[in-house]
Amino acid sequence: MAKQNKKKKYRHFWLFFKVQLVLFLLLAAALGYYYGAGYAQTVAQLKEDADMLVAKSTTELFRKGETGLVYDKKGKLLKEYKGEKDSYYIEIQDIPEIVMETFITVEDRKFYKHKGVDYLAILRAVIAMLRNGEVTQGGSTITQQLSRTVFLSMDKTWERKMEEIFIAQNMERKYTKNQIMEFYLNNIYFGNGYYGIQAAAQGYFSKNIDELNLSQTVFLCAIPNNPSLYDPVNHKKNTLARRDRMLDSMEEEGVISHRSAEEAREQKIKLKRKKGIKKNNYVETFVNYCAIRALMKQQGFEFQYYFDSEKEEKKYNKQYKKLYRECEGSLYTSGYRIYTSIDTGHQKKLQEAIDEGLSAYQDVSEEGIYKLQGAGVTIDNTTGYVTAAVGGRSQDYEGYTLNRAYQSFRQPGSAIKPLLVFTPALERGYTPDSVVMDEPFEGGPSNADGVFEGAITLRHAVKRSKNTIAWKLFEELTPVTGLNYLKAMNFSKIDPEDERLPPALGGFTVGVSPLEMASGFAALQNDGCYREPTCIIKIEDTQGNLIYTSEPKEDRSRKSKKDEAEGIRIYKSNAARMMTDMLQTVMTEGTARGLDLGDMPSAGKTGTTNDNKDGWFAGYTRYYTTSIWVGYDQPQQLPGLTGSAFPGSIWHNYMMSVHENLTPMDFIPYIEQKEVDMDFVQ
C-alpha cells in the first residue's frame, strides 16, 4: 500500500513537472514572439500614448461631449449631434446610492477592489469566447468602459484593448473611485440621445434621478448594456425583462430585500417623455442611417444581405446590431464633421410634391398619422449620391418617425420589369425591335388593359407594360438568374420563395424600397453600373482628420466608351442604353404618356400592384434619378391608384422643378445589334 502511494506521488510529481515545463516553454515562445515580432515596441508606444492622454485630462473632459456637425451639399449646417449630458451633469453626492450599487452589481462587482482592470474577468471572457466561438460576456471594468467611451475609437483590435487597459490603470492612479463612478454615470449612453443617468431620468420620466423609485431606477440602469436592444421607447418589453434579471442579481447579492425586488418587478413602468422633444425629420433619419453605416464600414464591417443558413444570419444580425448601436452612440460624442450630398432645395421640393400630391387624403390612424402615404428618393446621376430622401408626408408628430424612403418595403408592380426582366433579356440578344407574341397561354397572366395584340415589338411590349411578355421572358431567363441582378444591387429583401415567376410582374414575398428602386434605375442611366446609394461624402474628426470618405463617383456615360464605368457592373452597357431608349418611349407614347419633362429627355416606368394597393414611378434624366411610391402603411385598396396617377404626377411635378434652367441633355444612343431567335415567338 505504501509503495502504491509512493508511485502515485511520483507520477503526480512528474505530471506536475511536465505541465510546468510546457507552460514555461509556451511562455518563453510567447515572449520570444512578442519581442521578435515587434509587439513589445507597439505595446510600449500604446502605454506612452495612454499615459499622455490621462495626464493631460482634467475633470472638465468628462463633463463635455463634442458636438457633431452635419453639412449639406453646399456646406450649410444641416444638423447637430449633441447628447444631453452637458445640461444634466450630476455630482456624485446627488446620485442615489442605489444607482451605483446597481451598476456595480451587474457590471463590475470588484469595482472598489481592483485597480482599473479585473484580469480574472478578462480570463473568464476569453474562456467563454473560446468555448462559444464568439464574445458572450464582457471582461471590461467600469473604469475600462469609461476609458473606451471618453478616450478611444470603436476599433475592434488588440491595440485598442491594450490602450484601454493602460488608460484605465492610469485613471485609477489619477482619480478616486468616486470620481470615476461620477464620470461613468454621466457619460454612459442611455439611448435616444441621452448621455448620463440624470439626462435619462429627465428624458424618459421627466423627473430627477433622485425622484425615481427602485423599479424605475433599475429600469434605466438596464439600458446602457445595449441601448438599441433595451430601448424603452421601441423595445420596452426587453428593457423590463432585463430590469427583472437585474433585480434578481441584486437580491442574490443582498443589495435589496426579497420583498423590495418583488414589489419592483410588479410595478408597471409608464414613460413620460419630455414635452417638446424635436423628432428627427426624414432627411435627418436618413443621414443618421448613412453616417452609421459609413462608420461601420470604416471599422471594416462587411455588409451582407443573403445567407447560407439561419445560424449564419443570426450571427451576422447580432454583430450588425451591436456595432450599429456603438456607431450610433459615437455620433453624439465624437464631434464628427459629416459632409453630405443632401440638397436642401431638392429635399424641400420633393417633400412639397408629395404633400401636395396627396393633400386630398386627410384620414389619419389612431396614432394620428396620415393613412395614405408617399415616399421618394433622388440620386444625382453625376456622382451617384442621394440628394433627397423623403420618407412620408409632412406632419407634426411626437414619436418615432418611420422613414419609408429606406425602411418600408412594398410590392413594386411593373416598375421592376426593366431591372429584373427586360434589361437582362437585352443582354442576351433581344433588341427593342425584336418581335414577340402577346397572346394568352396556359398558366400565364393577363394584361392590365385586358388586350392581347399578337405579334408586337419588344419596345411596344415595354411601352404598354405587357405582362405576358415579361412572364415569358422571365421564364426563359429563369427566376434565379433574374433575381441575381437585384441581389447584386443589394435589394435586401429577396426571399427564397421569390424564385418563381410572379416577381416578373412585381409579385414578391416582401418587396423593395424607394431607395433600392432609385439606385436600380440609376444603374441603367450609369451605363449598367450600380453605385451604392448614400448621402455621406466624407467624415472628419474635430481636428479635421479624415475618418471616412466615399470614392469619387462620376457618370461615365459622359466619358469615353473605353472607360470602365465606376461602380459594380450589373448590366452590359449597350443593354442599359437600349433599356433607356425604350423607357423614353414609355414617357412619350406609353403608360407614362403626359409625364415627360418637355425638352428635357427622360425615361421612366410605371408600376401598379393588384387591387391598386401600391403605386410606383421610377424615372431619370441625364441629371437625376427619382423613384416615388404611394400607398397605405397597412396595404389596402385605393381606387384610381396607378403608377401614372399619384406617383407619376408627383414625379413629374418634382422633376420639372429640379430641372428648371438646366440644359436639355440627350441620353447616349445604343449600338444596333443583331437579335437572337426567340423560341416563344411562333
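Placed above this text is the structure.
Quick notes on the rules
- Residues numbered from 1 in each chain as written.
- Predicted model: local features only at pLDDT ≥ 70, side-chain atom pairs only at ≥ 80, totals over all residues.
- Heavy atoms only, no water.
- Helix = DSSP H or I, 4+ residues; strand = E, 2+ residues; numbered from the N terminus.
- Areas by Shrake-Rupley, 256 points an atom, 1.4 Å probe, with all protein chains shown as cover.
- Salt bridge = Lys/Arg side-chain N within 4 Å of Asp/Glu carboxyl O.
- Buried < 20%, exposed > 50% of the residue type's maximum accessible area, 1.4 Å probe, protein only.
- Pairing = 2+ DSSP bridges.
- Axes fitted to C-alpha atoms, helices over the stretch in contact; angles between N-to-C directions.
- Contact = heavy atoms within 4.5 Å.
- Core = buried A, V, L, I, M, F, W, Y, C linked by side-chain atoms within 4.5 Å.
- Phe/Tyr/Trp six-rings, centres within 6.5 Å; stacked < 30°, edge-to-face > 60°.
- Polar contact = N/O pair within 3.5 Å; in protein donor to acceptor, adjacent residues only side chain to side chain.
- Lys, Arg positive; Asp, Glu negative; His and termini not counted.
- Parallel < 35°, antiparallel > 145°, perpendicular 65-115°, else oblique.
- Left-handed = near helix turned anticlockwise from the far one by under 90°.
- Nonpolar A, V, L, I, M, F, W, Y, C, P; charged D, E, K, R; others polar.

**Q** Report on the overall build of the protein chain, specifying residues and quantitative values.
**A** Summing up its helical and strand segments, the protein chain has 22 helices and 14 strands in all. When the accessible surface of the protein chain is summed, it comes to about 32,600 Å², and 51% of that surface belongs to carbon and sulfur atoms.

**Q** Explain the pattern of salt bridges residue by residue, including any values.
**A** Following the criterion strictly, the structure yields 24 salt bridges and no others. The salt bridge partner of Arg 148 is Glu 164, with a shortest N-O separation of 2.9 Å. Taken as a pair, Arg 148 in helix H5 (residues 142–151) and Glu 164 in helix H6 (residues 158–174) lie far apart in primary sequence, 16 residues in all. Between Lys 472 and Glu 439 there is a salt bridge, and its shortest N-O distance comes to 3.9 Å. One end of the pair, Lys 472, is in helix H18 (residues 467–477); the other, Glu 439, is in the loop between strand S6 (435–438) and strand S7 (454–457), and 33 residues separate them in sequence.

**Q** Explain the pairing of strand S14 (residues 624–632) to me, using residue names and the numbers behind them.
**A** Burial analysis of S14 places nine of its nine residues in the buried class, the great majority of the element. Neither face of S14 is exposed, since Tyr 624, Thr 626, Ile 628, Val 630 and Tyr 632 on one face and Thr 625, Ser 627, Trp 629 and Gly 631 on the opposite face are all buried. In the sheet, strand S4 (residues 372–380) pairs with S14 via nine bridges, with the strands oriented antiparallel. Directly across from Val 377, in S14, lies its bridge partner Ser 627. In this sheet, S14 lies alongside strand S13 (residues 614–620) in antiparallel orientation, the contact comprising seven bridges. Bridging across to S14, Tyr 620 finds its partner in Thr 625.

**Q** Pulling in residues and values, what's your account of the sheet that holds S14?
**A** Read from one edge to the other, the open sheet built from five strands follows the order S5-S4-S14-S13-S12, with strand pairing classed as antiparallel. With partners counted over all chains shown, the strands left at the sheet margins are strand S5 (386–390) and strand S12 (603–608), one partner each. Taken over all neighbouring pairs, the strand axes of this sheet differ in orientation by 5° on average, direction set aside. Here S4 pairs with S5 via four bridges, running antiparallel. Looking at S5, one finds that Ile 379 is bridged to Val 386. Of the strands in this sheet, S12 and S13 touch helix H21 (residues 573–589), which is tilted by about 65° from S12. Against the sheet, helix H22 (residues 646–658) makes contact with S4, S5, S13 and S14, and its axis sits at roughly 150° relative to S14, the strand it touches most.

**Q** Account for the nonpolar core, naming residues and giving values.
**A** One recurring pattern in soluble globular proteins is that nonpolar side chains are buried together. By size, the foremost hydrophobic cluster in this structure holds 78 residues, and its most contacted members are Leu 419, Leu 458, Leu 486, Phe 491, Met 517 and Leu 583. Top element by residues in this core is H21. It accounts for seven residues.

**Q** Can you tell me about the packing of aromatic side chains, naming the residues and giving the values?
**A** Evaluation of the coordinates by the stated rule reveals 26 aromatic pairs. An angle of 80° between the planes, with centres 5.7 Å apart, marks the rings of Tyr 361 and Phe 646 as edge-to-face. One end of the pair, Tyr 361, is in the loop between helix H14 (344–357) and S4; the other, Phe 646, is in helix H22, and 285 residues separate them in sequence. Judged by relative accessible area, Tyr 361 falls into the partly exposed class, the value being 27%. Their ring planes at 45° and their centres at 4.8 Å tell us that Phe 617 and Trp 651 sit as a pair that is tilted. Taken together, the residues Phe 617 in strand S13 and Trp 651 in helix H22 connect sequence positions 34 residues apart. Exposure class is identical for Phe 617 and Trp 651. Each is buried. Taken together, the ring pairs connect Phe 301, Phe 303, Phe 307, Tyr 316, Tyr 320 and Tyr 324 into an aromatic cluster.

**Q** So what's going on with H5? Which residues, and what values?
**A** Within H5, seven of the ten residues are buried, which leaves the element mostly enclosed by the surrounding structure. If you check which residues of H5 are buried, you get Ile 142, Thr 143, Gln 144, Gln 145, Leu 146, Ser 147 and Phe 151.

**Q** So what's going on with the sheet that holds strand S1 (residues 68–71)? Residues and values would help.
**A** Taken in spatial order, the five strands line up as S2-S1-S3-S9-S10 in an open sheet, and their pairing is mixed. Each having just a single partner strand, strand S2 (77–81) and strand S10 (546–549) make up the two edges of the open sheet. Looking at each pair of strands side by side, their axes are set apart by 15° on average, direction ignored. Two elements, strand S3 (residues 337–340) and strand S9 (residues 536–540), share four bridges in a ladder whose sense is antiparallel.

**Q** Provide a residue-level description of the environment of Thr 621, including the pertinent values.
**A** Here Thr 621 shows up in the loop between S13 and S14. It is 9.7 Å that separates the C-alpha atoms of Thr 621 and Gln 584, two residues lying 37 residues apart in sequence. Ignoring anything within four residues of it in the chain, the contact list for Thr 621 reads Asn 381, Gln 525, Leu 597, Met 600, Pro 601, Ser 602, Met 655, His 659 and Phe 667. Reaching out from Thr 621, the side chain makes a polar contact with the backbone nitrogen of Tyr 623 at a distance of 3.0 Å.

**Q** Residue-level account of the side chain of Lys 605, with values.
**A** With respect to the element layout, Lys 605 can be found in strand S12. Buried within the structure, Lys 605 lacks any salt-bridge partner; its nearest side chain of opposite charge belongs to Asp 449, at an N-O separation of 11 Å. Of the polar contacts made by the side chain of Lys 605, one reaches the side chain of Ser 465; its length is 3.0 Å. When sequence neighbours within four positions are dropped, the list of residues in contact with Lys 605 reads Ser 414, Ala 415, Pro 418, Val 462, Ser 465, Phe 521, Leu 583, Thr 591, Trp 616, Phe 617 and Ala 618.

**Q** Which residues make up unusual backbone geometry, and what values go with them?
**A** Despite not being glycine, Ser 465 has its phi angle at roughly 55°, a positive value. Positionally, Ser 465 belongs in the loop between helix H17 (458–463) and H18. Phi at Asn 490 takes a positive value of approximately 60°, unusual for a residue other than glycine. Tracing the backbone shows Asn 490 in the loop between helix H19 (479–488) and helix H20 (514–525).

**Q** Describe in detail the environment of Ser 408, supporting the description with residues and values.
**A** As for its placement among the helices and strands, Ser 408 is situated in the loop between helix H15 (404–407) and helix H16 (417–427). As for Ser 408 and Ser 513, which are separated by 105 residues in sequence, their C-alpha atoms are 5.7 Å apart.

**Q** Lay out the environment of Gln 298 with the relevant residues and their values.
**A** Looking at the secondary structure, you find Gln 298 in helix H12 (residues 282–298). Among the polar contacts listed, one links the side chain of Gln 298 to the side chain of Gln 299, at a separation of 2.9 Å.

**Q** Quick one: what's the story with the packing of H16 against H21, residue by residue and with numbers?
**A** In the contact formed by H16 and H21, the axes pass within 8 Å of each other and the chain directions differ by 120°. Classified by the interaxial angle, the pair formed by H16 and H21 is oblique. Between H16 and H21 lies a crossing whose hand is right-handed. Two secondary-structure elements touch here, H16 through Pro 418, Phe 422, Thr 423, Leu 426 and Glu 427 and H21 through Ala 575, Ala 576, Met 578, Met 579, Met 582 and Leu 583.

**Q** I'd like a rundown of the packing of H5 against helix H7 (residues 177–187), residues and numbers included.
**A** Interhelical geometry of H5 versus H7 gives an angle of 55° and a closest axis separation of 10 Å. Judged on the interaxial angle alone, H7 and H5 are oblique. For the crossing formed where H5 meets H7, the hand is left-handed. Together, Ile 142, Thr 143, Gln 145, Leu 146, Thr 149 and Val 150 of H5 and Ile 180, Met 181, Phe 183, Tyr 184 and Asn 187 of H7 make up the contact between the two elements. Here the residues of the contact of H5 with H7 sort into seven nonpolar, four polar and no charged.

That is the geometry; function is a separate question.
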